[in-house]
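Here are the chains, one letter per residue:
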Amino acid sequence: MIVCKIGGTSVGDAPAIGRLGDILQARVPEQPVLLVSALSGVTDALLALPGLPEDLRGTTVRRMMDRHLEVAAALGLRDVEPALREEAAALEQTLAAVAPGAAGGGGTPLHPGAADRG
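Now for a quick tour of the structure. Just so you know, these numbers come straight off a predicted model, no measurement behind them.

1. Concerning the environment of V3
Next up, step 1: Looking at the element boundaries, V3 is found in strand β1 (residues 2-8).
Next up, step 2: When the C-alpha positions of V3 and P32 are compared, they lie 5.7 Å apart, and in sequence the two are 29 residues distant.

Written out as structure tokens, the structure is:
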């Protein structure tokens, strides 16, 4: 067995994910276990969200959702939009509770030390 933690530029877009699939396919005899983290840039964007004004948070969440939809479409994945929209709405609700108003506007701020940056 081989454990692979993949994220960032390795899953940054559909061609990168395709290359990852080819690599994993070649390692099937080793019984790969895959842990996938965020697309390139998403972790940093998520960590920045609580510090943004509320209107920019919504815009940023929608941009992330659109990016994920583009990657899914390029990979030929169908019917993912409802689930992505549901997750984006849940994220916006969480942000409203965690960081109401904007940076310094109350709530519990998130910071890089609170996240797994590995």
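2. Brief notes about the packing of helix α3 (residues 54-74) against helix α4 (residues 81-98)
Next up, step 1: Interaxial distance between α3 and α4 falls to 10 Å at its minimum, and their mutual angle equals 155°. In terms of axis orientation, α3 runs roughly antiparallel to α4. The way α3 lies across α4 gives a crossing that is right-handed. Facing α3, whose interface residues are R57, G58, V61, R62, M64, M65, H68 and L69, α4 presents E81, L84, R85, A88, L91, E92, L95 and A96.
Next up, step 2: Grouping the constituent residues of the contact of α3 with α4 by class yields nine nonpolar, two polar and five charged.

3. Here we look at α3
Next up, step 1: The terminal C-alpha atoms of α3 lie 31 Å apart, and with 21 residues this matches the ideal 30 Å at 1.5 Å per residue to within 8%.
Next up, step 2: The elements touched by buried residues of α3 are α1 (14-26), β2 (32-39), α2 (42-48) and α4.
Next up, step 3: One or two positions beyond α3, positive phi appears at G76, with a value near 80°.

4. Some words on the layout of surface pockets
Next up, step 1: Space inside the second largest pocket adds up to approximately 150 Å³.
Next up, step 2: Lining the second largest pocket are V42, L46, V61, M64, M65, H68, L84, E87, A88 and L91.
Next up, step 3: Of all the elements in the fold, those that place two or more residues in the lining of the second largest pocket are α2, α3 and α4.
Next up, step 4: Grouping the amino acids of the lining of the second largest pocket by side-chain chemistry returns eight nonpolar, one polar and one charged.

5. Quick look at unusual backbone geometry
One can expect most non-glycine residues to show negative phi and most peptide bonds to be in trans.
Next up, step 1: Not every positive phi belongs to a glycine, and Q31 is a case in point at roughly 55°.
Next up, step 2: Residue position: Q31 is located in the loop between α1 and β2.
Next up, step 3: Not every positive phi belongs to a glycine, and D79 is a case in point at roughly 60°.
Next up, step 4: The residue D79 is located in the loop between α3 and α4 in this model.
Next up, step 5: Residue classification places D79 among the exposed residues on the basis of a relative accessible area of 74%.

6. Description of the pattern of salt bridges
Next up, step 1: Taken as a whole and judged by the stated rule, the model has two salt bridges.
Next up, step 2: The salt bridge partner of E30 is R27, with a shortest N-O separation of 2.9 Å.
Next up, step 3: Two residues, R85 and E81, come together in a salt bridge whose shortest N-O distance is 2.6 Å. Of the two residues, R85 and E81 are both situated in helix α4; the distance of four residues between them amounts to about one turn of the helix.
Next up, step 4: Residue R85 is classed as partly exposed on the basis of its relative accessible area, which comes to 43%.
Next up, step 5: For E81, a relative accessible area of 35% translates into the label partly exposed.

Reading the values: rules and limits
Residues numbered from 1 in each chain as written. Predicted model: local features only at pLDDT ≥ 70, side-chain atom pairs only at ≥ 80, totals over all residues. Heavy atoms only, no water. Helix = DSSP H or I, 4+ residues; strand = E, 2+ residues; numbered from the N terminus. Axes fitted to C-alpha atoms, helices over the stretch in contact; angles between N-to-C directions. Parallel < 35°, antiparallel > 145°, perpendicular 65-115°, else oblique. Left-handed = near helix turned anticlockwise from the far one by under 90°. Contact = heavy atoms within 4.5 Å. Nonpolar A, V, L, I, M, F, W, Y, C, P; charged D, E, K, R; others polar. Expected span 1.5 Å × (residues − 1). 1 Å grid on protein atoms, 1.4 Å probe; cavity = no way out; pocket = protein on both sides within 12 Å on 5 of 7 lines; lining within 4 Å. Points joined across faces, edges and corners; volume = space filled by probe spheres on them. Buried < 20%, exposed > 50% of the residue type's maximum accessible area, 1.4 Å probe, protein only. Salt bridge = Lys/Arg side-chain N within 4 Å of Asp/Glu carboxyl O.

The values are spatial; any link to function lies outside them.
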